[in-house]
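Coordinate inspection notes
Residues per chain are reported as follows:
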Amino acid sequence: MYNKIKLTLVSLLSVILISSASFARDLVITFDDMNPGPKAAFENAIAKFQKENPDINVIANNGDREEHKAAIRNFLIADAPDVTSWYPGNRMRPFVKAGLFEDVSDVWDANNFHEDLAAIKPTMSIGGRQWGVPYSYYQWGVYYRKDIFDELGLFEPNTWVQFKYVCDKLKENGITPITIGTKYLWTAAGVFDYINLRTNGYKVHNDLTAGKIKYTDPRIKKTFEYWAELVNAGYFLENHSSMSWQDAVVPFANGEAAMYVMGNFSVDAYKNAGLSYEQIDFFPFPKITPGVPRAEEAPADAFFIPTNAKNKRDAKKWLAFVARPDVQTEWNKTIGQLPINSKAQVADDKFIKQGFETLNSAAGLAQFYDRDAVAEMAAAGMEGFQEFMMKPDRLDKILKRLDKIQAKVYK
Amino acid sequence: MEQIVRFNENKRNYSENKLAFAPWYFLLPAIIFFLIYVIFPIFQSVWISFYEWDGLGEAQWVGLANYVELFDDEYFYTSLKNNFIWLIMYLLAVPMGLFIALFLNQVVFGIRFYKSLFFFPFVISQVVVGLIFSWFYNPNFGLLASIFLSFGLEPIAVLSDEDLVTYGIIFAGLWPQIAYCMILYLTGLSNVSKDLMEAARLDGAKGLKMLWHVVLPQLRPATFISVVVTVIGALRSFDMVAIMTEGGPYGSSNVLAYYMYETALSEYGFRLGYGSAIATVLFFIMLVYIGYFLWRLYKNEREV
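Rules used in this analysis
- Residues numbered from 1 in each chain as written.
- Chains lettered and ligands numbered in written order.
- Predicted model: local features only at pLDDT ≥ 70, side-chain atom pairs only at ≥ 80, totals over all residues.
- Heavy atoms only, no water.
- Pairing = 2+ DSSP bridges.
- Helix = DSSP H or I, 4+ residues; strand = E, 2+ residues; numbered from the N terminus.
- Axes fitted to C-alpha atoms, helices over the stretch in contact; angles between N-to-C directions.
- Contact = heavy atoms within 4.5 Å.
- Buried area = accessible area lost by both parts, 1.4 Å probe.
- Salt bridge = Lys/Arg side-chain N within 4 Å of Asp/Glu carboxyl O.
- Polar contact = N/O pair within 3.5 Å; in protein donor to acceptor, adjacent residues only side chain to side chain.
- Nonpolar A, V, L, I, M, F, W, Y, C, P; charged D, E, K, R; others polar.
- 1 Å grid on protein atoms, 1.4 Å probe; cavity = no way out; pocket = protein on both sides within 12 Å on 5 of 7 lines; lining within 4 Å.
- Points joined across faces, edges and corners; volume = space filled by probe spheres on them.
- Parallel < 35°, antiparallel > 145°, perpendicular 65-115°, else oblique.
- Phe/Tyr/Trp six-rings, centres within 6.5 Å; stacked < 30°, edge-to-face > 60°.
- Buried < 20%, exposed > 50% of the residue type's maximum accessible area, 1.4 Å probe, protein only.
- Lys NZ or Arg CZ within 6 Å of the ring centre and 35° of its normal.
- Expected span 1.5 Å × (residues − 1).
- Bend = angle between axes of the 7 residues up to and from the residue.
- Core = buried A, V, L, I, M, F, W, Y, C linked by side-chain atoms within 4.5 Å.
- Domains from an automatic or database assignment.

Residues and elements named next belong to chain A. Within the open sheet, the 4 strands sit side by side as β8-β9-β7-β10. Their pairing is mixed. Looking at the sheet topology across the chains shown, the edges are occupied by β8 (176-179) and β10 (280-283). Direction aside, the axes of adjacent strands within the sheet are offset by 25° on average. Strand direction decides the pairing type here: β8 and strand β9 (residues 257-263), joined by 3 bridges, are parallel. Each residue of the ladder has a partner; that of Ile-178, found in β9, is Met-259. Set on the sheet, helix α17 (residues 350-360) makes contact with β7 (140-145) and β10; between it and β10 the angle comes to about 0°.

The following block contains the structure:
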């Protein structure tokens, strides 16, 4: 009898031991893009990673972007995945400061990322350490209706004077020069960033978003003067504040508007709106102040490891994996964006190629106003930009208000 | 006749005082949940309003700094002003609800169907109402734009105009609110005493005179409830603003409830202390009305 019990116990124990040994290690990865392209790219990468690491059991969760933004504060504390997607710059700062993101500088050291991912390194770093690994970025610039330009005999403008000439000609022909939808504010920030980068350069952009320069600074006022030239001449789409960026694609698609200051993700929307590839083209935002080195907007997307992750060892494997040249090449081909790893290859697509050239020759890469500036400042700033576009004569009042908020936010 | 059973000092035994304890057993669950989910959070948010806290790190005691900042905040005053516009305009729902109720309070074939049509906006969600109206106002394809164009006028983008936007949202909000007041009045009207009407008619009262001196006094409870729900509805207006404009353009349609959400919980700000300070101010404004409401209720009960 006694032996029988012992036997049962031993066999039970061995079953537990064997099964736990054959259990793969779980790796939970949370992603935040359900759009067809990004979803497919993510799933392909997961499949490849799984194949290379059969001993890891990858559990991939993909959710809606806005929901992800709302949920991240909770899950980082309560139920952290091993890897999560998020954004660099000031968007990662609160989590880094609160100790919720893991320092991944060792992944950068071990994989030569300091060199290969140099383009995005500054925005992935806080306090000289790196906190995540980027997998993709994309260019901003001016997308335009090539067919309309050809019909009116217009060329891609290179300078501010040329740009205004193009706007003027378009308006003369009853076409709104620049389409924009500012209901969700950030599109106006894109225009502001570009005029500011071209007027004052990269350093002023950084100093402004870091709270080192006031909004009433003469340099920033100069930026608004240039912007006012476009606003007062009526070059922007009317009623832009009741439209989202997708709504503003409609006049662009049906030929009522001819240019759009946007990010490369918008190309998909133009095609879906019925425009053919030949009808659209791209040029970098024109020069304003001569001699200011050309800096560009290039927001990056990245992966991070929460401090509360359970399987950090394999999470780091995933970070090293997503930054590998072959993985980045494949991933960005699928989503129509640019790989960050300088050893990766860009897709054979006219927008991607132009973007690659534009960004590679840029003197500096800005993340975007609302990623470079502190969140609270960004919210007030973007509302100010929208107000300026509707009531340009209120500029002084708006700038003073922004100064006040800036003084409060960057104490 | 009803009689409240009181604790009897002479009866020491629990079983003999059972009836005095019984009401508390039934009240207990409600009291517990009310304390946890209503009373405690009120004190907690007042408490948080004295801190600077982003919800992640350590909360930092700042005393009254959030309130000092609040009283120097343009957006706060815009929101406060809009709240008062809401309060006044929203009260239009009461007379309009009464008007529709009087109109529908007749015996015609299919009246139930008509009543349900008028009641319909109250049944659908506020979010849907907001969506419908933002399409209605859309300057490119909206119904309002078509109406303007058919008169040869340039369409107005109501939701992009800082002066019109709040009125535009309130107009949308009135739609379900009128239906709500109408229902309150309809039930009130069914209780209007026939004898009094009869007597008034014999004395020669009719039309507006009859309404003012005979019907309305009998509708006082319905009027009271309508005013109270409308005032509270106006003060906590949130869904419409969130759906139709998100407080825009540039904050000009903000109300306190939405501004609180924006500063404390939205994508661009996690200032829970500052948000709580806004909530506290909003709470004290509401307290005036709620206090009045409770006082009236108490007085009425005593009179009965």
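Picking up where we left off.
Tallying the contact residues gives 24 residues for chain B and 34 residues for chain A. Summed over both partners, the interface of chain B with chain A buries about 2500 Å², with 49% contributed by carbon and sulfur atoms. In terms of surface lost to chain A, no three residues of chain B exceed Leu-56, Tyr-250 and Tyr-268 of chain B, which account for 32% of the buried area on that side. For the pair chain B and chain A, the number of links is 5 salt bridges. The partner of Asp-72 of chain B in a salt bridge is Lys-404 of chain A, and the shortest N-O contact between them spans 3.7 Å. There are 9 residue pairs in polar contact (both at pLDDT 80 or more) connecting chain B and chain A. Considered class by class, the residues forming the side of chain B that touches chain A number 9 nonpolar, 5 polar and 10 charged.

Residues and elements named next belong to chain A. Here the second largest pocket is characterised by a volume of approximately 830 Å³. Lining the second largest pocket are 35 residues, with Leu-237, Glu-238, Asn-239, His-240 and Met-243 sitting closest to its centre. Residue assignment for the lining of the second largest pocket shows that the elements contributing at least two residues are β8, α13 (249-253) and α19 (375-390). Here the lining of the second largest pocket is built from residues that sort into 15 nonpolar, 11 polar and 9 charged.

The next subject is the packing of helix α11 (residues 220-235) of chain B against helix α14 (residues 272-303) of chain B. Residue and element names in this part refer to chain B. Running from N to C, α11 and α14 point in directions that differ by 170°, and their axes come no closer than 10 Å. The pairing of α11 with α14 is recorded here as roughly antiparallel in orientation. For the pair formed by α11 and α14, the contact residues are Arg-220, Phe-224, Val-228, Val-231, Ile-232 and Leu-235 on the first element and Leu-282, Ile-285, Met-286, Tyr-289, Ile-290, Tyr-292, Phe-293, Arg-296 and Leu-297 on the second.

A word on the packing of aromatic side chains. Applying the stated criterion across every chain yields a total of 71 aromatic pairs over all chains. An angle of 40° between the planes, with centres 5.7 Å apart, marks the rings of Tyr-143 of chain A and Phe-351 of chain A as tilted. Separated by 208 residues along the polypeptide, Tyr-143 of chain A in strand β7 and Phe-351 of chain A in helix α17 bring together distant segments of the chain. With respect to class, Tyr-143 of chain A is no different from Phe-351 of chain A; both count as buried. Taken together, a centroid distance of 4.3 Å and an interplanar angle of 20° make the contact between Phe-192 of chain A and Phe-385 of chain A stacked. Note that Phe-192 of chain A is positioned in helix α10 (residues 186-200) and Phe-385 of chain A in helix α19, a separation of 193 residues in sequence. Here Phe-192 of chain A and Phe-385 of chain A have matching classes, each one buried. Among the aromatic residues, those joined into a cluster by ring pairs are Phe-31, Phe-42, Phe-49, Tyr-135, Phe-303, Trp-318, Phe-321 and Trp-331 of chain A. When the ring centre of Phe-270 of chain B is taken as origin, the NZ or CZ atom of Arg-73 of chain A, which lies over that ring, is 3.2 Å away. Here the guanidinium or amino end of Arg-296 of chain B rests over the ring plane of Phe-224 of chain B, the centre of that ring lying 4.4 Å away.

Here we come to helix α8 (residues 165-190) of chain B. The end-to-end C-alpha distance of α8 of chain B, which contains 26 residues, comes to 38 Å, matching closely the 38 Å that a straight helix rising 1.5 Å per residue would cover. The axis of α8 of chain B is deflected most strongly, by about 30°, at Trp-175 of chain B, and proline Pro-176 of chain B appears within four residues downstream.

Among the nonpolar cores identified, the biggest contains 118 residues, and Trp-227, Met-259 and Tyr-369 of chain A are the most heavily contacted of them. At 11 residues, α8 of chain B tops the list of elements feeding residues into this core. Counting residues in hydrophobic clusters, the runner-up holds 58 residues, among them Phe-42, Ile-126, Ala-300 and Leu-359 of chain A.

Scanning the model with the defined rule gives 36 salt bridges over all chains in all. Across the salt bridge formed by Lys-48 of chain A and Asp-326 of chain A, the nearest N and O atoms sit 3.0 Å from each other. Separated by 278 residues along the polypeptide, Lys-48 of chain A in helix α2 (residues 36-52) and Asp-326 of chain A in helix α16 (residues 325-335) bring together distant segments of the chain. A relative accessible area of 31% means that Lys-48 of chain A is categorised as partly exposed. Ionic contacts of the salt-bridge type, sharing partners, join the residues Glu-376 and Lys-408 of chain A together with Glu-52, Glu-69 and Arg-271 of chain B into one network.

Attention now moves to the domain arrangement of chain A. Residues and elements named next belong to chain A. Domain parsing of chain A yields domain 1 (2-136 + 300-365) and domain 2 (140-297 + 374-409). At the junction of the two partners, domain 1 supplies 14 residues and domain 2 supplies 16 residues. Together, Lys-350, Phe-351 and Thr-358 form the three largest contributors to the area buried by domain 1 at its contact with domain 2, with a combined 41%. Across the domain 1-domain 2 interface, the total number found is 0 salt bridges. The tally of links from domain 1 across to domain 2 stands at 10 residue pairs in polar contact (both at pLDDT 80 or more). Where the side of domain 1 that touches domain 2 is concerned, the elements lending two or more residues are α17 and β13 (364-366). Tallying contributions element by element places α17 first for the side of domain 1 that touches domain 2, with 6 residues. Partitioned by chemical class, the residues of the side of domain 1 that touches domain 2 number 6 nonpolar, 6 polar and 2 charged.

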